[in-house]
Amino acid sequence: MLQNRLRKTLLCSASKLRIYSRRQEQQFHQNGVVAMSFVSFSSFSGGVWGRRRVIRESFVDDDVAFHWGRMRSLCCHPCGNNDNINSEKSGGSKNATTTTTFRRKFTSASSDENEQYSFAIVGSGPAGMYAADKLLHMKNSSSSSSSSSSSSSNNVLIDAKVDVYEKECFPYGLVRFGVAPDHQATKNVTNKFDALLRDERVRLFANVKVGSVGNENDDDGEGLRVSTKELLERYSGVVLAHGAADNDRKLQIENEDTLRGVYGARQFVNWYNGLPSAAPMRNKEMHEDIVDRLQNKKNGSNVVIVGVGNVTLDCARILLRSPEELKETDIASHALEALEKANVNSVTIVGRRSVAQAKFSPKELREVLNLPDLDVQIDDLEVTEEDIEEMNASRPRRRAFEVLEKAKKEGAATKSDGDDAKGGTRKILRVLFLRSPTGLLPEDDISSSPSSLGFVKIRKNILQGPTGNRQATLSNDQVRDETILPCDILIRSVGYVGDKLEPNLVPSDKNGTIVHDGLGRVRYNEDSSASATGRLYVCGWAKRGASGVIATNVQCAEETAEAIKEDILNGLLKPAARILPPPPSNTITASKWFKLDAVERGESDREETEEEDVEEKSESNKKALNVRSRKPRTKIVDRDRALAIVRAAAS
Ligand SMILES: Cc1cc2nc3c(=O)[nH]c(=O)nc-3n(C[C@H](O)[C@H](O)[C@H](O)COP(=O)(O)OP(=O)(O)OC[C@H]3O[C@@H](n4cnc5c(N)ncnc54)[C@H](O)[C@@H]3O)c2cc1C
């Protein structure tokens, strides 16, 4: 009798346990849950995973808290969580075997965790991804040289794990949202980054913003937030790699802030590259304004771009290239549609200083100058002795000058008669050196919408100062040296100001560049509460300012990783098991990113969202088109849509 009762009780408990396990596992896959620990949960104060605008109000999403409540009965030890993300990375199988593995792994803490260093990286751009790579390859070479043990202990890999936090739903920063869509080969670097995200030691938490300061480019409202301080509490160290290109530097000229039609290069690039906050769903006003200006000007639209760097050339090329060619790129669909119907008459590039100081790379210059159906006009290419001296000090600048000189000669030979481009499809590319915009004028003084940009005043400059450091100043003869150009869109491309992450904790200069020791150790203000920790590092554009190409970040990340390694070997950093409360379901983990990636590439057999509608069907068509054409991907430009896709995939 007693035996029977005992048997029944045991059977009942076992079946309950099985049901629990299955449900928990399912929830795990739905939520992308990666780590749970009773100890970490109960000792945790403040909202690590707070929704934006509700910072610290709630600990975790309700569904995740519910999930945790169930997990507690199975797991009451602090445990390493990487195994769980592993099962997710390997496809998140939902069979019974995984359930068992899942339970076992959550209930046993790995002793290795005690010796493991963990790092949070803020930003998944090239700098963040290269930093992750370097941190995983740190070797304990210097300690072994002083040890008397055998040579086998030389170059032992330092056991490190990395979590990458990214505020957007999509990783890789400016590789996705900066590099021009017609430069697909440059984006191949993402294959390396994808491989890194498949590494068991790396986790991605995208759609999570670190810090507390919002900025105009943020798609605020949907994403999650965690503070740098909270990261410092959970990791051996934190690497800031959040870039520096959030806001465009302004020209500080009359009417710049009041007329419609004035955009920063970053805004324009975001628009054609499909950054969710610049897409029509989130910024309808900007989209409609750009479309109107590109399509509805009687004599074709005239675009003026101020600045003489490669981003200027990107913007010019996208405006001047044939839409047929753009179709085979990953340009955002809304931008392609706008450009297909656009009627661009001219693009004018304006540089404050002389050709000797232009930052165009010769290759990119050649590419835009050689576009078909283009009349090229280049002004003020005459060079002085100082110019020659400066160009001789920089081979790329010398080459860029030669490319322009050649184009000018060829342009003169084929120059069209009037100012307007000859024939229906020909466009004008003008390059003006030694000129500055001095003010913007409305389209029509007496029109009903005087707030719309119509003209730009341009004045000649003279260069003053020692060779190598000459500065442009406006000519005093306004009457002689000022001209007024028609201008329907003005794009300023004269540099960026980075977003200040957390001014009280992370000191940065006026450009948003983090103050550091020259290698990448963040220097704190004396009154900073974090000054005692010394565990904050920086790399990439956040460290150097907005300069350098993708490859520049390799060496930069290496330098920062070297500083970190040195600090580990000097005992300044302590191992930490990176135990976190479970992230809410709208965190984009690596496996969710791979799902989105497959959908964008048209490789996924499932892209339906919870509510299949007309938009979904047109997406399916795009997917089919992707396969047929050479288009590398159709970018998802809506955060809600991205989240719906990953939710549907998990269910
Ligand atoms: C328009 C443009 C075009 C370019 N084209 C080229 C090119 O063709 N070839 C080339 O070699 N280089 C190009 N570059 C330069 C190259 O993109 C940079 O060298 C490189 O991206 C800098 O890397 P980063 O990681 O420091 O910054 P970013 O690439 O900007 O990455 C920073 C990442 O951090 C994230 N982030 C920011 N704040 C937070 C936060 N608070 N919390 C969490 N995440 C955050 C951002 O969303 C972003 O993903 C281009 C740059 C621009 C601006």
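A short tour of the structure in this document, coming up. Here the structure is a predicted model, which means the values were calculated and not measured.

Looking now at the overall build of the protein chain. Looking only at helices and strands, the protein chain features 24 helices and 20 strands. Looking at the protein chain as a whole, 55% of its 651 residues are labelled buried. Within the protein chain, contacts between residues at least 6 apart in sequence are counted, and of these 78% link residues at least 24 apart. Working note: accessible area of the protein chain is about 28,700 Å², and carbon and sulfur atoms make up 49% of it.

Okay, the site of the ligand next. Taken together, 32 residues lie around the ligand, and Glu166, Val210, Trp541, Gly548 and Ile550 are the ones closest in. Ala127 places a main-chain nitrogen or oxygen 2.9 Å from an oxygen atom of the ligand. The side chain of Glu166 places a nitrogen or oxygen atom 2.5 Å from an oxygen atom of the ligand. Protein contacts shield 92% of the accessible area of the ligand, which totals 990 Å² for the unbound molecule. Those elements that place two or more of their residues in the shell around the ligand are helix 6 (126–136), strand 3 (160–166), helix 8 (173–177), strand 5 (208–210) and helix 13 (310–320). Here the shell around the ligand gets 3 residues from one element, more than from any other, and that element is strand 5. A breakdown of the residues in the shell around the ligand according to their chemical character gives 16 nonpolar, 11 polar and 5 charged. Here the shell around the ligand spans two domains, since at least three of its residues come from each of domain 2 (117–246 + 499–600) and domain 3 (250–270 + 283–494).

The next subject is the packing of helix 11 (residues 265–273) against helix 13. In a pair of packed helices, the angle between the axes and the distance between the axes together describe the arrangement. Contact geometry for helix 11 and helix 13: axes closest at 10 Å, N-to-C directions at 45 degrees. Between helix 11 and helix 13, the angle is such that the two are oblique. By crossing handedness, the relation of helix 11 to helix 13 is classed as left-handed. Of helix 13, the residues touching helix 11 (which contributes Ala265, Phe268, Val269 and Tyr272) are Val311, Asp314, Cys315, Ile318 and Leu319. By residue class, the composition of the contact of helix 11 with helix 13 is 8 nonpolar, no polar and 1 charged.

Applying the stated criterion to the full structure yields 46 salt bridges. Put simply, Arg293 and Asp289 hold a salt bridge, and the shortest N to O gap is 2.9 Å. Here Arg293 pairs with Asp289, and both are found in helix 12 (residues 284–295), just 4 residues apart, close to one helical turn. Asp289 carries the same exposure label as Arg293, and that label is buried. In this structure, the salt-bridge partner of Glu482 is Arg459, at a minimum N-O distance of 3.0 Å. You can see Glu482 sitting in strand 17 (residues 482–486) and its partner Arg459 sitting in strand 15 (residues 453–464), a full 23 residues away along the chain. Exposure remark for Glu482: the relative accessible area of 17% places this residue in the buried category. Among the charged side chains, a network of salt bridges with common partners joins Asp182, Asp314, Arg317, Arg321, Glu325, Glu364 and Glu367.

Moving on: the sheet that holds strand 3. Sheet architecture is open: 5 strands sit in the order 4-3-2-7-20, paired in parallel fashion. Of all strands in the sheet, those with a lone pairing partner are strand 4 (202–206) and strand 20 (536–538), marking the two edges. Averaged over all neighbouring strand pairs, the angle between strand axes comes to 20 degrees, with direction disregarded.

Positive phi is not limited to glycine here, since Gln252 has a value of about 60 degrees. Locating Gln252 in the fold gives a position in the loop between strand 8 (247–248) and strand 9 (262–264). Of note in the backbone geometry, Asp380 takes a positive phi value of approximately 55 degrees without being a glycine. Of note, Asp380 is situated in the loop between strand 12 (374–379) and helix 17 (385–392).

This paragraph deals with the environment of Pro276. Summarising the element assignment, Pro276 is placed in the loop between helix 11 and helix 12. Placed 106 residues apart in sequence, Pro276 and Phe170 show a C-alpha to C-alpha distance of 9.7 Å.

Another point: the sheet that holds strand 18 (residues 489–492). Pairing within the open sheet is parallel, and its 6 strands lie in the order 9-18-10-11-13-12. In the strand order of this sheet, the two ends are held by strand 9 and strand 12, each with one partner. The average angle at which neighbouring strand axes cross in this sheet is 15 degrees, direction not considered. Alignment of strand 11 (residues 344–350) against strand 13 (residues 427–432), held across 5 bridges, turns out to be parallel. Paired with Thr348 across the strands is Arg430, a residue of strand 13. Set on the sheet, helix 13 makes contact with strand 10 (301–306), strand 11, strand 12, strand 13 and strand 18; between it and strand 11 the angle comes to about 170 degrees.

Viewed as axis vectors pointing N to C, helix 22 (residues 590–601) and helix 24 (residues 639–650) meet at an angle of 110 degrees, and their least axial separation amounts to 10 Å. One element, helix 22, and the other, helix 24, form an angle in the roughly perpendicular class. The residues of helix 24 that touch helix 22, namely those facing Lys592, Lys595, Leu596 and Val599, are Ala642, Ile645, Val646 and Ala649. Looking at side-chain class alone, the contact of helix 22 with helix 24 contains 6 nonpolar, no polar and 2 charged residues.

On to the packing of aromatic side chains, then. Following the criterion strictly, the structure yields 9 aromatic pairs and no others. Measuring from centroid to centroid gives 6.4 Å for Phe170 and Phe177, while their planes differ by 75 degrees, and the two rings are edge-to-face. The same class applies to Phe170 as to Phe177, namely buried. Aromatic pair Tyr172 and Phe193: ring centres 5.4 Å apart, planes at 50 degrees, arrangement tilted. Of this pair, Tyr172 sits in the loop between strand 3 and helix 8 while Phe193 is found in helix 9 (residues 189–198), placing the two residues 21 residues apart along the sequence. When the ring centre of Phe170 is taken as reference, the NZ or CZ atom of Arg176 above it lies at 4.0 Å. The ring of Phe594 carries the charged tip of Arg198 above its face, separated from the ring centre by 3.9 Å.

Burial analysis of helix 13 places 9 of its 11 residues in the buried class, the great majority of the element. For helix 13, the complete set of buried residues consists of Thr312, Leu313, Asp314, Cys315, Ala316, Arg317, Ile318, Leu319 and Leu320.

Now for helix 16 (residues 362–369). Each full turn of the α-helix corresponds to 3.6 residues, which orients residues three or four apart in the same direction. Listed as buried for helix 16 are Pro362, Glu364, Leu365, Val368 and Leu369. Along the long axis of helix 16, the arc covered by the buried residues comes to 165 degrees, so they all point the same way.

On to the pairing of strand 11, then. For strand 11, the buried fraction is high: 7 of the 7 residues fall into the buried class. Sheet topology note: the strand 10/strand 11 ladder contains 6 bridges and is parallel. Each bridged residue has a counterpart across the sheet, and for Asn302 the counterpart in strand 11 is Ser346.

Parameters and conventions
- Residues numbered from 1 in each chain as written.
- Predicted model: local features only at pLDDT ≥ 70, side-chain atom pairs only at ≥ 80, totals over all residues.
- Heavy atoms only, no water.
- Helix = DSSP H or I, 4+ residues; strand = E, 2+ residues; numbered from the N terminus.
- Buried < 20%, exposed > 50% of the residue type's maximum accessible area, 1.4 Å probe, protein only.
- Contact = heavy atoms within 4.5 Å.
- Areas by Shrake-Rupley, 256 points an atom, 1.4 Å probe, with all protein chains shown as cover.
- Near = heavy atom within 4 Å.
- Polar contact = N/O pair within 3.5 Å; in protein donor to acceptor, adjacent residues only side chain to side chain.
- Nonpolar A, V, L, I, M, F, W, Y, C, P; charged D, E, K, R; others polar.
- Domains from an automatic or database assignment.
- Axes fitted to C-alpha atoms, helices over the stretch in contact; angles between N-to-C directions.
- Parallel < 35°, antiparallel > 145°, perpendicular 65-115°, else oblique.
- Left-handed = near helix turned anticlockwise from the far one by under 90°.
- Salt bridge = Lys/Arg side-chain N within 4 Å of Asp/Glu carboxyl O.
- Pairing = 2+ DSSP bridges.
- Phe/Tyr/Trp six-rings, centres within 6.5 Å; stacked < 30°, edge-to-face > 60°.
- Lys NZ or Arg CZ within 6 Å of the ring centre and 35° of its normal.
- Arc of directions from axis to C-beta.

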